[in-house]
Amino acid sequence: MKQRLAPVPRIVPVLTSLLFLILLPSASTSAQAQAGQPHTVHNACAANCVADVTILHSGMGDTQARYAFDGWFGSYYDLAGCDDPAWKTDILFLIDIIGDAVGAPGAPTMQCWQGLAAQASLCSDSCAEYFVEDARYAPNVKLSLDQRSPGYLEATLDNQSNLAKLPELQPNAYSRQFHLKTYLTYAGGESLLVNDTPMPSLSFPNWITRGGIDICIAESGFDSARCQISSNFATPSIVSISVDFLDGILYDLSGQVGDLSDTDGSFSQIGYIRLLSDGDRITIAQGPYAGYALVKTHYLSSGRHAVQLMPWDANDRPVTITNHECTNWLSTCWLTGVRHETDTYVYALQGPPDRALAGNYTVEVVADIPHDKDIVDNRASYSYDASAITGLETGAGGEAEGVEGQQISVTDLPVTDLDGPGVYPASVDQAALGMLFRLAVPDEVSFMFVRLVSLDGGQYDAFIRRGSIPVPDFPVISDRYHCWAVSDAAYAGGCPFSNPYPDDYYIFVHRWQGNGAFQLGGVDGAGRHAHNHIHGCSQPDTYRSVRSGG
């Protein structure tokens, strides 16, 4: 389940973005950007400094900082002719203005940008002279894993947890937009990118985020220039995200493709192949497989590198993936494009259980932020064993051995629809595999929690998946689920979903021990806002009693 990021106002402050882009041609990464030390970018520090000196005033109390901003706005902003629509609407126009402002005779608008450029120069010196070079003004984002399983994780990123650290490590700048990248490593081999999600800029707690924007709107109105400028800084300092990367296991595609003689790698041994030359291609036959093509490009003239992750799905039709590059001066391609070398990695992360590559997998999640005071807590990782997940062992002949247990498919079970939020006692027949429920989640649900409770002291499992039936090969648990909850006499487990997609959620409950009496509670399927969360509380008027057939 991927979390939908709600639309937010322009999250990169106009002034900060402006000065960052102005100074970009001379940007350089500090030599201190080593493991366990800050990543610092000089121009980012200088731009953050200008934003702090003119607007944020992070070293002051909230009231004093607000008065300082009001004083700057009522004097410099008005007197220097800064009241231009470009502050709020057209960043490219702003760049043109400040570019023309250097050395220009003094029209009022030119005076405004000349003054800001002068402040940027002072800030540049201040950043360079700081005892940790260029770390004077920077975010300090922390990444925490809230839930982890094969193919799925939930993470929280915030720019406020480190406020309790030493002063030089406390966040005092916005993160700017960045990417959250998830990598999968099989058996200690190469890390493969399996998700790349753009993230909004995270604020740090300051007078604007602590109610200053509300005061401004009450005093001056939202349409005022004063509030329009400060509203660019009124963004969250914490955000949660869910990442879905299919089954989280590599699958052997050898039998699904044709001749692999011109490729590098091995589907059966390392889980992927590489297309190296222009025109190299691979066709995956129609079948129950899906995965990604990772395109790595090196632009020869600039030396720049780029990465693009493209999903593919062969369930409904064959898929052809082709590697495109332009390296030959004698070719006509460089006349219409940029010369580049490209390698395309192809791998499957969904397929039949008997084609899964058994072994150890490691997932690493990285908040890729160029300018941060401490990158150690910008990443987190976890590991799992594919053999334990799939329930399959490979015999000497290379075929999957049979798994003892019931052979009835979960897909053959009748589906019981849940009406929405409430508590649902249920009874599963002793002869049945389990029970299958469906919950229709509408739009605008901010939070959903599904709780499993054993009513007879027995052991129960609940598997939940959005859009399709979970663990269809049960009792082989092929990790085709988004959450797995367990319950017994001493514990009641549950599954939280933040900002769930509007879709059908299927819940399969299996009884390992007991008489068959369990309860699903805290099911929030109603369109509710953030303050109307249900956490499994008892609601007699919404009780529904259900029982499975034989």
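Residues numbered from 1 in each chain as written. Predicted model: local features only at pLDDT ≥ 70, side-chain atom pairs only at ≥ 80, totals over all residues. Heavy atoms only, no water.

> Break down the overall build of the protein chain for me, citing the residues and quoting the values.
Assigned secondary structure in the protein chain consists of 9 helices and 24 strands. Here the protein chain holds 550 residues, and the buried ones make up 50% of them. Taking all contacts inside the protein chain whose residues are at least 6 apart in sequence as the whole, residues at least 24 apart take part in 73%. For the protein chain, the exposed surface amounts to about 24400 Å²; the carbon and sulfur share of it is 51%. (Helix = DSSP H or I, 4+ residues; strand = E, 2+ residues; numbered from the N terminus. Buried < 20%, exposed > 50% of the residue type's maximum accessible area, 1.4 Å probe, protein only. Contact = heavy atoms within 4.5 Å. Areas by Shrake-Rupley, 256 points an atom, 1.4 Å probe, with all protein chains shown as cover.)

> Requested: an account of the packing of aromatic side chains, with residues and values cited.
This model, assessed by the stated rule, comprises 13 aromatic pairs. Note on Tyr174 and Phe204: the rings are 5.8 Å apart at their centroids and 75 degrees apart in plane angle, and the pair reads as edge-to-face. Of this pair, Tyr174 sits in the loop between strand 2 (152-158) and strand 3 (178-186) while Phe204 sits in the loop between strand 4 (191-199) and helix 6 (208-220); the two residues are 30 residues apart in sequence, bridging distant segments of the chain. An identical accessibility class is assigned to Tyr174 and Phe204; each is buried. Ring centres of Phe437 and Phe518 lie 6.2 Å apart, and the angle between their planes is 80 degrees; this geometry places the pair in the edge-to-face category. You can see Phe437 sitting in strand 17 (residues 435-441) and its partner Phe518 sitting in strand 23 (residues 517-521), a full 81 residues away along the chain. Phe437 gets classed as buried once you look at its relative accessible area, which sits at 1%. Residue Phe518 is classed as buried on the basis of its relative accessible area, which comes to 0%. A network of ring pairs unites the aromatic residues Phe69, Trp72, Phe73 and Trp207 as a single cluster. (Phe/Tyr/Trp six-rings, centres within 6.5 Å; stacked < 30°, edge-to-face > 60°.)

> Requested: an account of the sheet that holds strand 22 (residues 503-511), with residues and values cited.
A sheet is described by the order of its strands in space; here 5 strands give the open sequence 15-17-22-19-20, paired in mixed fashion. Of all strands in the sheet, those with a lone pairing partner are strand 15 (415-418) and strand 20 (483-487), marking the two edges. On average, adjacent strands in this sheet sit at an angle of 25 degrees to one another, irrespective of strand direction. Examined bridge by bridge, strand 19 (residues 460-466) and strand 22 share 7 bridges and lie antiparallel to one another. Bridged to Asp461 within strand 22 is His510. (Pairing = 2+ DSSP bridges. Axes fitted to C-alpha atoms, helices over the stretch in contact; angles between N-to-C directions.)

> Hey, could you go over helix 6 for me, with residue numbers and the actual values?
Here helix 6 is 13 residues long, yet its end C-alpha atoms lie only 15 Å apart, well below the 18 Å a rise of 1.5 Å per residue gives. On its buried face, helix 6 sits against helix 2 (42-56) and helix 7 (225-231). The first or second residue beyond helix 6 is Gly221, which carries a positive phi of 90 degrees. (Expected span 1.5 Å × (residues − 1).)

> With reference to specific residues and values, describe the pattern of salt bridges.
Using the criterion set out here, one finds 11 salt bridges in the structure. Salt-bridge contacts for Glu190 lead to Lys296; the nearest nitrogen and oxygen are separated by 3.4 Å. With Glu190 in the loop between strand 3 and strand 4 and Lys296 in strand 9 (residues 290-299), this residue pair connects regions lying 106 residues apart in the sequence. A relative accessible area of 33% means that Glu190 is categorised as partly exposed. Close ionic contact of Arg438 with Asp417 constitutes a salt bridge, the shortest N to O distance being 2.7 Å. Here Arg438, found in strand 17, pairs with Asp417, found in strand 15; they are 21 residues apart in sequence, far enough to count as distant. The exposure class assigned to Arg438 is partly exposed, which follows from its relative accessible area of 25%. (Salt bridge = Lys/Arg side-chain N within 4 Å of Asp/Glu carboxyl O.)

> I'd like a rundown of the environment of Leu250, residues and numbers included.
Turning to its location among the elements, Leu250 is positioned in the loop between strand 5 (238-244) and strand 6 (264-266). Sequence separation between Leu250 and Ser268 is 18 residues; the distance between their C-alpha atoms is 9.4 Å. For Leu250, the residues in contact, after removing those within four places along its chain, are Tyr186, Leu192, Ile270, Gly271, Tyr347, Ala348, Leu349, Arg355, Ala356, Leu357 and Tyr361.

> Pulling in residues and values, what's your account of the sheet that holds strand 13 (residues 360-368)?
The strand order across the open sheet built from 4 strands is 4-3-13-14, with neighbouring strands paired in antiparallel fashion. One side of each edge strand has no neighbouring strand; the edge strands of this open sheet are strand 4 and strand 14 (379-385). With direction set aside, neighbouring strand axes in the sheet form an average angle of 15 degrees.

> An account of the pairing of strand 23 is requested, with residue identities and associated values reported.
Burial within strand 23 is extensive, with 4 of its 5 residues counted as buried. Judged from the 4 bridges that link them, strand 16 (residues 424-427) and strand 23 form a sheet pairing that is antiparallel. In the sheet register, Ala426 faces strand 23, and the bridge partner there is Phe518. Bridge analysis of strand 18 (residues 447-454) against strand 23 gives 4 bridges, and the strand direction is antiparallel. Across the sheet, the residue bridging to Val453 is Gln519, located in strand 23.

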